[in-house]
Amino acid sequence: MHIILGLLGTIVTILVLVKRLSDVGIDITWLNPFTWHRRRSWRKQYEGNPIFSLDHPLDVAAMLATTVAKIDGEISKEEKGILLSLFQSEFGKSEKEASDLLMSSIYLFGDGEEAIAKPEKIMKRSLHSFTEDQASSVMSLLNTIKDIDSTNSNDKDRFISKVNKVFSGQFNADQKW
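(A) Structural view of the packing of aromatic side chains. Per the counting criterion, the structure on display carries two aromatic pairs. The cationic tip of Lys121 hangs over the ring face of Phe52; the distance from NZ or CZ to the ring centre is 4.7 Å.

(B) A look at the nonpolar core. Phe87, Leu142 and Phe167 are the most contacted members of the largest nonpolar core, which has 39 residues in total. Looking at this core, the elements with two or more residues in it are helix H3 (57-70), helix H4 (77-91), helix H5 (95-109), helix H7 (119-123), helix H8 (132-148) and helix H9 (153-174). Considering each element in turn, this core owes the most residues, eight residues, to H3. For Leu142, the residues in contact, after removing those within four places along its chain, are Leu64, Ala65, Val68, Ile160 and Val163.

(C) Spotlight on a nonpolar patch on the surface. Taken together, the side chains of Met1, Ile4, Leu5, Leu7, Leu8, Ile11 and Leu15 present a nonpolar region at the surface, about 770 Å² in accessible area. Among the structural elements, Leu7 can be located in helix H1 (residues 2-24). On the basis of relative accessibility, which here comes to 55%, the residue Leu7 falls in the exposed class.

(D) Quick look at the pattern of salt bridges. Applying the stated criterion to the full structure yields seven salt bridges. Asp23 serves as the salt-bridge partner of Lys19, at 3.1 Å between the closest nitrogen and oxygen. Of the two residues, Lys19 and Asp23 both sit in helix H1, four residues apart, roughly one turn of that helix. Of the charged contacts, one joins Lys70 and Glu74 as a salt bridge, the two residues approaching to 3.4 Å between their closest N and O atoms. Members of the salt-bridge network, linked through shared partners, are Asp72, Glu79 and Lys156.

(E) Region of interest: H3. Here H3 contains 14 residues, and its C-alpha end-to-end distance of 20 Å stays within 8% of the 20 Å for a straight helix at 1.5 Å per residue. Summarising burial for H3: twelve of the 14 residues are buried, a large majority. Along H3, the positions that sit buried rather than exposed are Pro57, Val60, Ala61, Ala62, Met63, Leu64, Ala65, Thr66, Thr67, Val68, Ala69 and Lys70.

Procedures and definitions
- Residues numbered from 1 in each chain as written.
- Predicted model: local features only at pLDDT ≥ 70, side-chain atom pairs only at ≥ 80, totals over all residues.
- Heavy atoms only, no water.
- Phe/Tyr/Trp six-rings, centres within 6.5 Å; stacked < 30°, edge-to-face > 60°.
- Lys NZ or Arg CZ within 6 Å of the ring centre and 35° of its normal.
- Core = buried A, V, L, I, M, F, W, Y, C linked by side-chain atoms within 4.5 Å.
- Buried < 20%, exposed > 50% of the residue type's maximum accessible area, 1.4 Å probe, protein only.
- Helix = DSSP H or I, 4+ residues; strand = E, 2+ residues; numbered from the N terminus.
- Contact = heavy atoms within 4.5 Å.
- Patch = residues over 30% accessible without salt bridge, like charges linked within 9 Å, V, L, I, M, F, W, Y side chains within 5 Å.
- Areas by Shrake-Rupley, 256 points an atom, 1.4 Å probe, with all protein chains shown as cover.
- Salt bridge = Lys/Arg side-chain N within 4 Å of Asp/Glu carboxyl O.
- Expected span 1.5 Å × (residues − 1).

None of the figures reported here should be taken as evidence of function without further support.
Okay, here's the thing in structure tokens:
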């Protein structure tokens, strides 16, 4: 019995000390692992690269197309015109919507190092939403943009092969005998 009373006295003492510390202004909630995990998750989401949080197939396809166009530097006038016409024809967007989609993709692209290096991470959140027809449409879109300008074609081919690998892994895994 004396052990239980000693244990209860220790717990009450610790709680009183924690209360006194919080009254003084010293916060020790960082010791709580659940609070730490929630804060860390929120910080990763808030401070992370926004291209990795795209969750609509249309936005991801536009981002991939913009990335192929920007691998060799800035987008030329010819590439921009073809991108806009492809966005209108492939995605069924109006001229203004296609322009807005292109501008937002260019803005999200930023310096582009992460977009070029990790296309699978861009596609991760929306990959389950793609249909096989949409995936083939995206691949034809990327190949069309690649053929516009032949500079840095090795980098463009490498990027497109990474995207193709992700799509083929997704759709070949779903097929059964």
